[in-house]
Structure formats: structure tokens, C-alpha cells
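Here is how the chains run, residue by residue.
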Amino acid sequence: TLFKKTSKTIGLIVPDISNPFFPELVRAIEDVMNIYDYTVILCNSDEKSEKEKQYMDVLKQKYVDGMILTTNQLAIEEVMELDIPIVVLDRPSDHSFPSVIADNYHGARLATRHLYGIGCRKIAHIQGPAHVVNAMQRFYGYRDEMKSLGLWEEALIIQGNYQLRQAKEAVLQALQTNQVDGIFAGNDAMAVGALKAVQQLGLRVPEDVAIIGYDGIPLTEMTTPELSTISQPIYEMGAIAARLLVKKIEGQFIEQLHYVLPVTLIERESTNRRG
Ligand code: RIB
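The sections below set out a description of the structure shown in this document. Model, not experiment: these values are computed from the prediction.

**Observations regarding unusual backbone geometry**
If a residue is not glycine, its phi is most likely negative; likewise, a peptide bond is most likely trans.
Then step 1. A cis amide bond links Val205 with the next residue in sequence, Pro206, at an omega value of 10 degrees.
Then step 2. With an omega dihedral of -10 degrees, the bond running from Thr224 to Pro225 counts as a cis peptide bond.
Then step 3. Among the structural elements, Pro225 can be located in the loop between β9 (210–215) and β10 (228–231).
Then step 4. Located in the positive-phi region is Lys8, a residue other than glycine, with phi close to 55 degrees.
Then step 5. With respect to the helices and strands, Lys8 occurs in the segment before β1 (9–14).
Then step 6. One non-glycine residue, Asp37, lies in the positive phi region at around 70 degrees.
Then step 7. Summarising the element assignment, Asp37 is placed in the loop between α1 (21–35) and β2 (39–44).
Then step 8. On the basis of relative accessible area, Asp37 is assigned to the exposed category, the value being 57%.

Below, the structure is given as C-alpha cells:
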């Protein structure tokens, strides 16, 4: 008889668990997987495709029943070769695996328009890593909104890598030679870095420079001033992805393969100019 080895474990590859977006996502996945008696093995790829590939091979050797990928730097052939149920989460891909993402493009337009709405005219964007698809989608959202507001000439792109410290340094440097009155950071960690940099330069938030982040992590409520952000349904994203994977593993019918979940604007002190 044919025997397919199963382990009741799944692999989860995230880029960087020290980014506070991911603990909440991982929590949701684990909660749902536990309901179905699966254990989750967590791996950090550090945004590197070699590391992601290595982990996928190791996970396969451990007979995981499926994988959730939030990194997705790999070529489709490499992933297909594995012949294991896969769900793509948070970072979209152009292949046909079931996927759960949030509406990055729309969220970025929302953030940019919000800064415009409170009077900002020189709006900078701190962009996430250029090889990460959701970072680019957020950049396109910013660009298109700036164009439609007639502000694209005034645009300033600050290169970030989704990490707090690097963003702080990048903003300190950019503001040596540029004047801005609004900053849209591609994630919340970078918004915290930007806040620190702006304050260090003796500027007031939101009066001189308004700041909005992206993700909706709890840290944004702990800063002074509290940070406005575009909130992603992080827990829900993880939970839906986990349920999709269980269905795939167990060969059940999947009525919806691709999810693009809505995001919402959360207005806090860092963009409140009403005084
Ligand atoms: O915080 C980092 C970003 O990486 C998040 O916005 C999330 O979308 C993830 O891809």
C-alpha cells in the first residue's frame, strides 16, 4: 500500500520575527493550526532567498504537511518542485498558490490622501525593500495618489528596509537637505524611526511634520505622540491563511483561493493638526 508520511506539522517562513507585525500574524496561525492539531515550525528568512530555499528543503525533510510563506522571493519552479501544499501570505506572488494579502495599493493611497487632507504638501515616502512586492505596491499607491493630487513634483522617496533603526538614520539624512511637512512610512517600525529622527532634529510632530505609518501594530499607541497608521487585519490574515492551508492539506474544496483584505485609516495624534 502507498503510504504518505505526515507529521501534523506545518512550516511557516517569515522574513523577520523581530518586526512586531509578525508576532501577531504567527499567533493567529498557531491558534488556528492548534485547533486542527497541527504544530507550527517557525523560520526567519531575513529577506534572503537562499535562506528561504534552505529552510524549505529542511522543512520538507521533516515531512511538514504544508507551508505558509510570507516571504516569497523564490522562483515558481523552485516552489513547485517541493510538491507540498503552500499558502502565500501578506506578500503577493504572481503564481497560483492560495493567497491572503491586504490591499497595499489602496492603503498607501489612503495614507497619502490623509496627509494631504490635513494640509501637507511636501509628502515624503519611506519605502520598504525594493524586492518586496508589498513595499512596491505601497510605493505605487503613494506615487499615483501624489500624481492625482498634483504633488508628484514635490515627492521625496527615502529608501528604507522595513526596520526601525535604518529608517531613523535614513530620515535624519534626508532631512539635512530636504524640507518635508508629511511622511508616509511604508510600515509602522519605520514610522517610529521617522518620529525619533524628526524629534531629534527639533521639529514638532504633527505641527511641522505629520507622520503616518502602516500595519497597525500596538507599538504605534505607545509613542509620543501616538502614531496614525493604516491598519491591516493582521490576525485575520493569519487565521484565513491557516484555514486555507488546512483545507489544502486535507484535500477539501476551497471556495475562495485568493483574498485581498481591506485596510483602514487610524487617525491619531501624529496627524492631528486640529490642535
Ligand atoms: O512591517 C513589515 C511589513 O512586512 C508589513 O507591513 C507586512 O505587510 C510585511 O510584509
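Still to come is the rest of the account.
**Observations regarding the sheet that holds strand β12 (residues 264–266)**
Then step 1. Across the sheet, six strands lie side by side as β7-β6-β8-β9-β10-β12; this open sheet has mixed pairing. A single partner strand is all that each edge strand has here, and the edge strands are β7 (156–159) and β12. Strand after strand, the sheet turns through a mean of 20 degrees between neighbouring axes, direction not considered.
Then step 2. Examined bridge by bridge, strand β8 (residues 182–185) and β9 share three bridges and lie parallel to one another. The partner of Ile183 across the bridge, within β9, is Ile211.
Then step 3. Lying on the sheet, helix α6 (residues 164–177) is in contact with β6 (123–127), β7 and β8; it crosses β7 at an angle near 140 degrees.

**Observations regarding a nonpolar patch on the surface**
Then step 1. There is a patch of nonpolar side chains on the surface, built from Leu164, Leu219 and Met222 and spanning about 280 Å² of accessible area.
Then step 2. Within the secondary structure, Leu164 is located in helix α6.
Then step 3. What makes Leu164 partly exposed here is its relative accessible area of 36%.

**Focus: the sheet that holds β2**
Strand pairing in a sheet takes place through backbone hydrogen bonds and is either antiparallel or parallel in direction.
Then step 1. One open sheet holds the six strands; their spatial order is β2-β1-β3-β4-β5-β11, and the pairing between them is parallel. Either end of the sheet is taken by a strand with one partner, and the two such strands are β2 and β11 (258–261). For this sheet, the mean inter-axis angle between neighbouring strands, taken without regard to orientation, is 15 degrees.
Then step 2. Pairing of strand β4 (residues 86–89) with strand β5 (residues 99–102) involves two bridges; the strand directions are parallel. Considered in β5, the bridge of Val88 is made with Ser99.
Then step 3. Seen against the sheet, helix α8 (residues 234–249) touches β1, β3 (66–69), β4, β5 and β11 and runs at an angle of roughly 165 degrees to β4.

Reading the values: the criteria
- Residues numbered from 1 in each chain as written.
- Predicted model: local features only at pLDDT ≥ 70, side-chain atom pairs only at ≥ 80, totals over all residues.
- Heavy atoms only, no water.
- Helix = DSSP H or I, 4+ residues; strand = E, 2+ residues; numbered from the N terminus.
- Buried < 20%, exposed > 50% of the residue type's maximum accessible area, 1.4 Å probe, protein only.
- Pairing = 2+ DSSP bridges.
- Axes fitted to C-alpha atoms, helices over the stretch in contact; angles between N-to-C directions.
- Contact = heavy atoms within 4.5 Å.
- Patch = residues over 30% accessible without salt bridge, like charges linked within 9 Å, V, L, I, M, F, W, Y side chains within 5 Å.
- Areas by Shrake-Rupley, 256 points an atom, 1.4 Å probe, with all protein chains shown as cover.
- Salt bridge = Lys/Arg side-chain N within 4 Å of Asp/Glu carboxyl O.

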